[in-house]
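Overview (structure and organization)
Now for the letters of each chain:
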Amino acid sequence: MDEIEDYSEKIHEQSNEHAHEILHHNESKDRWVMYVALSTAVIAVLAAITSLLAGNHADDAMLTQIHASDQWAFYQAKGIKAELLASTDHVLVVIGKQSDTVDAKKIATYKHQQQDIMKKATEYQKESDTHVERHDVLAKGVTLFQAAIAIGAISIITRRKPLWFLSLGFAAVGLFFLIQELFF
């Protein structure tokens with residue numbers, strides 16, 4: 001993500017320099033170039049905010065996935081313990097000895113603990129999935145903001161005003177994704 005941010009930062013700086021040159025050489029005719037530079041600066045800020053939020057959700061998704069994996073490992077450990085006790089109990093019965101009631105209670109306890117552990121693991125997994133979904137929405141916004149910045153720069157370089165409007169359109173859709181994530 002840093003490479004994308006550095007790249008868009010370069011484009012933004014170059015377009016601002018180009019806009020400054022155009023304004024000094026041709027004050028009245030290309031005044032809209034200043035607005036392109038200003039709108040691109042605002043879009044860059046929105047891209048940075050959206051990128052930060054997307055990164056936070058990616059980190060949170062990874063951490064909660066780790067918690068889910070830990071819980072599943074704990075679940076398996078309890079299952080292995082229960083199976084070992086059950087096997088030992090089975091061997092005792094086969095050789096003609098009495099079944100151990102303490103082991104039977106432990107097996108029941110392990111099975112009950114497994115249910116609680118499974119519930120926690122499932123909750124962590126759902127939370128991780130939610131963070132991934134939120135990251136994906138924000139990543140789309142970042143992509144659209146980056147495209148808007150690039151198209152804005154191209155509009156300045158080529159002096160094509162319709163490209164600036166296209167840039168604003170991309171930014172509007174990116175803003176939609178940001179707002180969707182923040183408020184819904």
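What this report covers is the structure whose coordinates are included nearby. Just so it is clear, the structure is predicted and the values come from calculations on it, not from any experiment.

Brief notes about the overall build of the chain
- Each helix and strand in the chain was counted, giving four helices and zero strands.
- If you list the helices and strands of the chain from N to C, you get α-α-α-α.
- Buried residues in the chain amount to 32% of all 184 residues.
- Counting contacts in the chain only where the partners sit at least 6 residues apart, residues at least 24 apart contribute 81% of the total.
- Summed over its atoms, the accessible surface of the chain is roughly 11,600 Å², and 62% of this surface lies on carbon and sulfur atoms.

A few points about helix α2 (residues 32-94)
- Over its 63 residues, α2 extends 91 Å from the first C-alpha to the last, a length consistent with the 93 Å expected when each residue adds 1.5 Å.
- Once α2 finishes, Gly 96 follows within two positions and takes phi at roughly 90°, a positive value.

Topic: the nonpolar core
- Counting six residues, the largest nonpolar core is built from Ile 43, Ala 47, Phe 145, Ala 148, Ile 149 and Ala 171.
- Those elements that place two or more of their residues in this core are α2 and α3 (101-158).
- The leading source of residues in this core is α3, at three residues.
- Grouped together as the second largest cluster of nonpolar side chains are five residues, Trp 32, Val 33, Val 36 and Ile 156 included.

Remarks on the packing of aromatic side chains
- For the structure shown, the criterion picks out four aromatic pairs.
- Put simply, the rings of Trp 32, Trp 164 and Phe 165 pair up and form one aromatic cluster.

Focus on a nonpolar patch on the surface
- There is a patch of nonpolar side chains on the surface, built from Leu 175, Ile 179, Leu 182, Phe 183 and Phe 184 and spanning about 570 Å² of accessible area.
- Within the secondary structure, Ile 179 is located in helix α4 (residues 161-183).
- The exposure class of Ile 179 is partly exposed, given its relative accessible area of 36%.

Some thoughts on the packing of α2 against α4
- Where α2 meets α4, the axes come as close as 10 Å, and the angle between the chain directions of the two elements is 30°. Overall, the two elements α2 and α4 adopt an arrangement that is roughly parallel. The handedness of the crossing between α2 and α4 comes out as left-handed. Touching Trp 32, Tyr 35, Val 36, Ser 39, Ile 43, Leu 46, Thr 50, Leu 53 and His 57 of α2 are Lys 161, Trp 164, Ser 167, Leu 168, Ala 171, Leu 175, Leu 178, Glu 181 and Leu 182, all from α4.
- Partitioning the contact of α2 with α4 into residue classes produces 12 nonpolar, four polar and two charged.

Here's the deal with the environment of Leu 52
- Within the secondary structure layout, Leu 52 lies in helix α2.
- Residue classification places Leu 52 among the exposed residues on the basis of a relative accessible area of 56%.
- A C-alpha to C-alpha distance of 9.6 Å links Leu 52 and Val 142, two positions 90 residues apart in sequence.

Describing the packing of α3 against α4
- Viewed as axis vectors pointing N to C, α3 and α4 meet at an angle of 165°, and their least axial separation amounts to 8 Å. By the angle between their axes, α3 is roughly antiparallel relative to α4. Handedness of the crossing formed by α3 with α4: left-handed.
- When grouped by side-chain class, the residues that make up the contact of α3 with α4 number 17 nonpolar, seven polar and three charged.

Observations concerning the side chain of Glu 181
- Counting through the fold element by element, Glu 181 comes out in helix α4.
- You can call Glu 181 buried: its relative accessible area is 7%.
- If sequence neighbours within four positions are ignored, Glu 181 has contacts with His 57, Arg 134, Val 137 and Leu 138.

The rules behind each value
Residues numbered from 1 in each chain as written. Predicted model: local features only at pLDDT ≥ 70, side-chain atom pairs only at ≥ 80, totals over all residues. Heavy atoms only, no water. Helix = DSSP H or I, 4+ residues; strand = E, 2+ residues; numbered from the N terminus. Buried < 20%, exposed > 50% of the residue type's maximum accessible area, 1.4 Å probe, protein only. Contact = heavy atoms within 4.5 Å. Areas by Shrake-Rupley, 256 points an atom, 1.4 Å probe, with all protein chains shown as cover. Expected span 1.5 Å × (residues − 1). Core = buried A, V, L, I, M, F, W, Y, C linked by side-chain atoms within 4.5 Å. Phe/Tyr/Trp six-rings, centres within 6.5 Å; stacked < 30°, edge-to-face > 60°. Patch = residues over 30% accessible without salt bridge, like charges linked within 9 Å, V, L, I, M, F, W, Y side chains within 5 Å. Salt bridge = Lys/Arg side-chain N within 4 Å of Asp/Glu carboxyl O. Axes fitted to C-alpha atoms, helices over the stretch in contact; angles between N-to-C directions. Parallel < 35°, antiparallel > 145°, perpendicular 65-115°, else oblique. Left-handed = near helix turned anticlockwise from the far one by under 90°. Nonpolar A, V, L, I, M, F, W, Y, C, P; charged D, E, K, R; others polar.

So far we have only geometry, and geometry alone does not tell us how the molecule works.
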